[in-house]
Amino acid sequence: MEITTKGRYAVRIMADIARNNQEFVSLSEIAERQQISIKYLEKIIAMLSKAKLVESMRGANGGYRLSKDMSQISVKQILDATGDSIKVATCTVGEECPKADKCDTVGVWNTLNGLITSYLESVSLKDLVEQTCERKIFK
């Protein structure tokens, strides 16, 4: 399983915006702090906007802010917005495997996918900003 650069940057961008207490943040400020090119940032922010995770305002005091409280946005939602899918084996995510009915390992991969998905759903932007995501480990 690998999260793309786009997905990782999207999570960083959202955490950056979340730290600004619902104030609008310009792309140039985010780009400078996160060291991401404006062009790449524009592509990612468009995906986040389309997923209704951020809202924008034009003008001198414009920029982007979260569309809802940071506690209501999960890391999984952000990754979904960028098209990153959580899968540890290709045969477990919507792809038909001709061996699935006889495979001894498919249950392990499905369970692992479920655990990863549950964890990413449980970690909110608030957790990231407050650095409490380490505490959300399954026992």
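Fair warning: this is a prediction, and the values are worked out from it, not measured in the lab. What you see as residue numbers is a count from 1 along each chain, following the sequence as written. Under the rules for a predicted model, residues below a pLDDT of 70 receive no local features and side-chain atom pairs below 80 are neither given nor counted, while totals for whole chains, interfaces and linings still include all residues. Side-chain descriptors were evaluated using all non-hydrogen atoms of the structure, hydrogens and water having been removed beforehand.

Caption draft 1: The arrangement of the nonpolar core in detail. Grouped together as the largest cluster of nonpolar side chains are 32 residues, with contacts concentrated most on I13, M14, I17, I45, L48, I78 and L125. Secondary structure elements are defined from DSSP: runs of H or I of at least 4 residues count as helices, runs of E of at least 2 residues count as strands, and each element is numbered from the N terminus. Listed by contribution, the elements that provide at least two residues to this core are α1 (5–18), α2 (27–34), α3 (38–50), β2 (63–66), α4 (75–82), α5 (106–122) and α6 (125–130). In terms of residue count, α1 provides more of this core than any other element does, 7 residues in total. Ignoring sequence-local partners within four residues, the contact set of M14 consists of L48, L53, V54, L66, I73, I78 and L125. Put simply, buried Ala, Val, Leu, Ile, Met, Phe, Trp, Tyr and Cys residues joined by side-chain atoms within 4.5 Å make one nonpolar core. Throughout this description, buried means an accessible area under 20% of the type-specific maximum (1.4 Å probe, protein chains only), exposed means over 50%, and partly exposed covers the range between. The contact criterion used throughout is that any non-hydrogen atoms of two residues lie within 4.5 Å.

Caption draft 2: Spotlight on the packing of α1 against α2. At a minimum axis separation of 10 Å, α1 and α2 run at an interaxial angle of 115°. Considering the relative orientation of α1 and α2, their crossing is right-handed. In this structure, α1 uses R12, I13, D16 and I17 to contact α2, whose residues at the interface are I30, R33 and Q34. When residues are grouped by polarity, Ala, Val, Leu, Ile, Met, Phe, Trp, Tyr, Cys and Pro land in nonpolar, Asp, Glu, Lys and Arg in charged, and all others, Gly among them, in polar. Partitioning the contact of α1 with α2 into residue classes produces 3 nonpolar, 1 polar and 3 charged. Axis geometry follows a simple rule: fit a line to the C-alpha atoms, using only the stretch in contact for helices, then measure angles between N-to-C directions, giving values from 0 to 180 degrees. The handedness criterion is simple: a crossing whose near helix is rotated anticlockwise from the far helix by less than a right angle is left-handed, and one whose near helix is rotated clockwise is right-handed.

Caption draft 3: Representation of the pairing of strand β1 (residues 54–57) within the structure. Criterion used throughout: strands pair if DSSP finds at least two bridges between them. Here β1 runs beside β2; their pairing, made up of 4 bridges, is antiparallel. Residue pairing in the sheet places V54 in a bridge with L66 of β2. What sits between β1 and β2 in their antiparallel hairpin is a turn of 5 residues, with G59 showing a positive phi close to 110°.

Caption draft 4: Structural detail: a nonpolar patch on the surface. Here the term patch refers to residues with relative accessible area over 30% and no salt bridge, with like charges joined within 9 Å and nonpolar side chains (Val, Leu, Ile, Met, Phe, Trp, Tyr) within 5 Å. Using a 1.4 Å probe, the Shrake-Rupley method yields the accessible areas, and only the shown protein chains count as cover for residues. Salt bridges, as used here, are contacts in which a Lys or Arg side-chain nitrogen is within 4 Å of a carboxyl oxygen on Asp or Glu. A cluster of nonpolar residues, V108, W109, L112 and L115, forms a patch on the protein surface that exposes about 330 Å² of accessible area. Topologically, W109 is positioned in helix α5.

Caption draft 5: Local environment of the pattern of salt bridges. Under the defined criterion, the tally for this structure stands at 3 salt bridges. D16 is the partner of R33 in a salt bridge, and the nearest nitrogen-oxygen pair spans 2.7 Å. With R33 in helix α2 and D16 in helix α1, this residue pair connects regions lying 17 residues apart in the sequence. Relative accessible area serves as the criterion here: at 43%, R33 is assigned to the partly exposed category. The shortest N-O distance in the salt bridge between K76 and D80 comes to 2.8 Å.

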